[in-house]
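# Architecture at a glance
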Amino acid sequence: MPNQSDLLTHHISQQFNHELEELRNNLLSMGGMVEKQVSDAIESLINADSDLAIVVCEKDTDINFMETSIDQECSRILARRQPAASDLRLVLACTKVATDLERIGDEAAKIARFAIKLSEQGEAPKGYIETRHIGSHVRQMTQDALNAFARFDAEQALAVAKEDKAVDREYKSATRELVTYMMEDPRSITRVLNIMWVLRSLERIGDHARNIAEHVIYLVKGKDVRHIGLKRMQEEVFDQQLDD
């Protein structure tokens with residue numbers, strides 16, 4: 001019995017096979033670059049490394065270019081091949097995943113800009129431990145979401161979607177602690193607010209990783225799960241059969 005990847009990528013036309021495989025590879029290359037952006041942005045903040053932060057900001061342009069290229073690739077395939085069923089879902093999922101990856105890149109660039117500000121202000125403020133922890137969590141979510149896409153793995157995608165709830169809880173807990181800290185030491189307000197903006201960007205990265213996971217479930221199962229909640233999402237992943 002053919003595996004899930006074969007069902008979604010095998011075609012009579014070898015050229016069409018090549019086009020779809022190249023599209024997937026380009027998207028995964030973009031994902032790898034975005035994943036490194038997130039990791040480097042967090043490292044630049046924790047280590048007060050302005051040079052690395054500047055590199056992260058500069059590479060955001062490359063990510064924007066990759067998103068545009070992938071969109072153009074998808075448009076050409078839609079116009080020339082007029083795909084249907086799982087082929088169409090693959091192309092549409094690629095355009096949506098590329099958009100979320102570009103937005104993750106934007107959030108990484110925001111973190112890098114705050115890293116530059118904070119490194120210029122001197123001593124590390126309260127909140128760096130939380131930043132490292134949540135940053136590691138959302139970076140792993142992004143990696144897992146991309147792995148789910150590469151393997152057409154709806155179950156792994158579901159696991160990523162579930163992790164977003166944990167990130168939300170961590171973000172709210174860290175924010176409460178930082179607000180309390182600012183109330184106790186008003187001199188820290190400006191610097192701690194910058195850290196809170198960093199945490200907000202990390203939380204948004206988790207949201208985009210969840211979006212990618214939802215696109216993977218749509219790709220594999222043919223069901224739009226963006227607004228149905230985790231319980232129904234799980235039912236779709238484990239109960240619904242592939243429709244083509």
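Here, every reference points to the structure presented above.
A short tour of the structure in this document, coming up. (Residues numbered from 1 in each chain as written. Predicted model: local features only at pLDDT ≥ 70, side-chain atom pairs only at ≥ 80, totals over all residues. Heavy atoms only, no water.)

## Side note on the pattern of salt bridges
Applying the stated criterion across every chain yields a total of 10 salt bridges. Close ionic contact of Glu214 with Arg210 constitutes a salt bridge, the shortest N to O distance being 2.8 Å. Linking Glu214 with Arg210, this pair stays in helix α7 (residues 189-221), spanning four residues, or about one helical turn. Taking relative accessible area as the criterion, Arg210 reaches 13% and is therefore assigned buried. Here Arg226 ties to Asp224 by a salt bridge, and the two come within 2.7 Å at their closest N and O atoms. On the accessibility criterion, Arg226 (37% relative accessible area) is partly exposed. (Salt bridge = Lys/Arg side-chain N within 4 Å of Asp/Glu carboxyl O. Helix = DSSP H or I, 4+ residues; strand = E, 2+ residues; numbered from the N terminus. Buried < 20%, exposed > 50% of the residue type's maximum accessible area, 1.4 Å probe, protein only.)

## A few points about a positive patch on the surface
Where like charges cluster on the molecular surface, the positive patch consists of Lys165, Arg169, Lys172 and Arg176. Residue placement: Arg176 occurs in helix α6 (residues 154-184). Under the relative-accessibility criterion, Arg176 is labelled exposed at 55%. (Patch = residues over 30% accessible without salt bridge, like charges linked within 9 Å, V, L, I, M, F, W, Y side chains within 5 Å. Areas by Shrake-Rupley, 256 points an atom, 1.4 Å probe, with all protein chains shown as cover. Lys, Arg positive; Asp, Glu negative; His and termini not counted. Charge placed at Lys NZ, Arg CZ, Asp CG, Glu CD.)

## A closer look at the side chain of Gln37
Looking at the secondary structure, you find Gln37 in helix α2 (residues 14-46). Gln37 has contacts with Val56, Lys59, Asp60, Ile63 and Ala108, leaving out every residue within four places of it along the chain. (Contact = heavy atoms within 4.5 Å.)

## Some remarks on the environment of Thr95
Looking at the element boundaries, Thr95 is found in helix α4 (residues 85-121). Here the alpha-carbon distance between Thr95 and Thr68, two residues 27 residues apart in the chain, equals 9.5 Å. Contact partners of Thr95, with chain neighbours within four places excluded, come to Asp71 and Cys74.

## Remarks on the packing of aromatic side chains
This model, assessed by the stated rule, comprises zero aromatic pairs. Above the face of the Tyr218 ring, Lys96 is positioned so that its terminal group lies 5.2 Å from the ring centre. (Phe/Tyr/Trp six-rings, centres within 6.5 Å; stacked < 30°, edge-to-face > 60°. Lys NZ or Arg CZ within 6 Å of the ring centre and 35° of its normal.)

## Regarding the nonpolar core
Counting 69 residues, the largest nonpolar core has Leu27, Met30, Leu101, Leu199 and Leu202 as its most contacted members. Among the secondary structure elements, those contributing two or more residues to this core are α2, α3 (50-81), α4, α5 (128-151), α6, α7 and α8 (229-239). Residue contacts for Leu101: discarding those within four places in its chain leaves Leu27, Met30, Gly31, Val34, Ile63, Leu146 and Ile212. (Core = buried A, V, L, I, M, F, W, Y, C linked by side-chain atoms within 4.5 Å.)

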